[in-house]
Amino acid sequence: MSAIPQPGTPLVVIQRNNPPRQWQGELIAFKDSTFAVRIPDGPEAWDATVPYAVIWGVPGSRTLCNVTLVASKDSAVALRLASQPKAIDLRRDPRFNLDLSVEVRSVLGNSRQPGRIIDVSSGGAAVSVDAKPGGSQIEVGVFANGYAARLLCDVVNTSTAEDQTILHLQFRDLTPPQQAFVRTLVGNLVESQAS
């Protein structure tokens with residue numbers, strides 16, 4: 001069984017109806033197979049006839065379990081395990097480890113800082129920086145294989161490792177030359193790992 005997160009861990013609670021709804025929350029406690037979750041902006045009323053799921057973790061290392069509604073009061077909800085937690089990875093594209101210097105530029109402001117790509121796929125990358133830039137979009141300047149590109153990215157999540165902030169990025173609105181740059185970068189990593 002995957003480890004249950006510690007109190008204070010951010011969680012997403014999903015109501016599995018059509019269409020599904022989801023809310024951001026924080027684990028208050030886990031006891032006797034029941035999650036106690038604080039959800040400040042939850043629904044007006046919880047529906048005990050609909051199945052729910054809980055997800056926690058960062059992209060590439062997420063855990064999911066099915067739960068049932070036990071009770072709710074104010075901004076707190078109790079959800080009982082209905083299945084064992086299991087690891088999931090919703091990424092469409094395989095990721096490849098990489099250590100490459102980049103420049104990270106905030107789209108919101110004019111801040112720039114050096115960073116390092118630590119993994120990459122055809123759909124996104126993880127970049128290590130000293131401080132999280134403002135806004136939900138950044139531009140990553142990359143020089144590799146004799147070519148350079150500036151790639152617009154959505155910041156889909158952040159995490160920390162030692163004293164660094166890890167930006168989990170999804171490429172956005174890439175032009176055909178930018179797509180070719182990323183394909184070449186990933187292709188070279190595939191070839192190097194195969195040999």
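Up top you'll find the structure we're talking about.
Here's what I pulled together on the structure shown here. (Residues numbered from 1 in each chain as written. Predicted model: local features only at pLDDT ≥ 70, side-chain atom pairs only at ≥ 80, totals over all residues. Heavy atoms only, no water.)

Considerations on the sheet that holds strand β10 (residues 124-129)
Thought 1: With antiparallel pairing, six strands are arranged side by side around a closed barrel as β8-β9-β10-β13-β12-β11. Strand-to-strand twist across the sheet, computed as the mean angle between neighbouring axes with direction ignored, equals 45°. (Pairing = 2+ DSSP bridges. Helix = DSSP H or I, 4+ residues; strand = E, 2+ residues; numbered from the N terminus. Axes fitted to C-alpha atoms, helices over the stretch in contact; angles between N-to-C directions.)

Observations concerning the environment of Pro19
Thought 1: If you trace the backbone, Pro19 turns up in the loop between β1 (10-15) and β2 (21-31).
Thought 2: Sequence spacing of Pro19 and Leu64 is 45 residues, and the spatial spacing of their C-alpha atoms is 19 Å.

What to know about the nonpolar core
Thought 1: Grouped together as the largest cluster of nonpolar side chains are 27 residues, with contacts concentrated most on Ile117, Val120, Ile138, Val142, Leu151, Leu169 and Phe171.
Thought 2: Only β8 (96-106), β9 (112-120), β10, β11 (137-144), β12 (147-161), β13 (164-171) and α1 (176-194) provide two or more residues apiece to this core.
Thought 3: The contacts of Phe171, once residues within four sequence positions are left out, are Val120, Ser121, Ser122, Gly123, Gly124, Ala125, Leu151, Leu152, Cys153 and Val182.
Thought 4: Counting 18 residues, the second-largest nonpolar core is a separate cluster that includes Leu11, Val13, Trp23 and Val77. (Core = buried A, V, L, I, M, F, W, Y, C linked by side-chain atoms within 4.5 Å. Buried < 20%, exposed > 50% of the residue type's maximum accessible area, 1.4 Å probe, protein only. Contact = heavy atoms within 4.5 Å.)

Some points on the pattern of salt bridges
Thought 1: Under the counting rule described, the total for this entry stands at nine salt bridges.
Thought 2: Among the salt bridges present, the one from Glu103 reaches Arg105, with a minimum N-O distance of 3.5 Å.
Thought 3: Accessibility expressed as a relative area gives 21% for Arg105, which makes it partly exposed.
Thought 4: Taking the shortest distance from any N to any O, the salt bridge between Glu103 and Arg150 comes out at 2.7 Å. Pair noted here: Glu103 is in strand β8 and Arg150 is in strand β12, with a separation of 47 residues, a long-range link.
Thought 5: One salt-bridge network, in which partners are shared between bridges, spans Glu103, Arg105, Arg112, Glu139 and Arg150. (Salt bridge = Lys/Arg side-chain N within 4 Å of Asp/Glu carboxyl O.)

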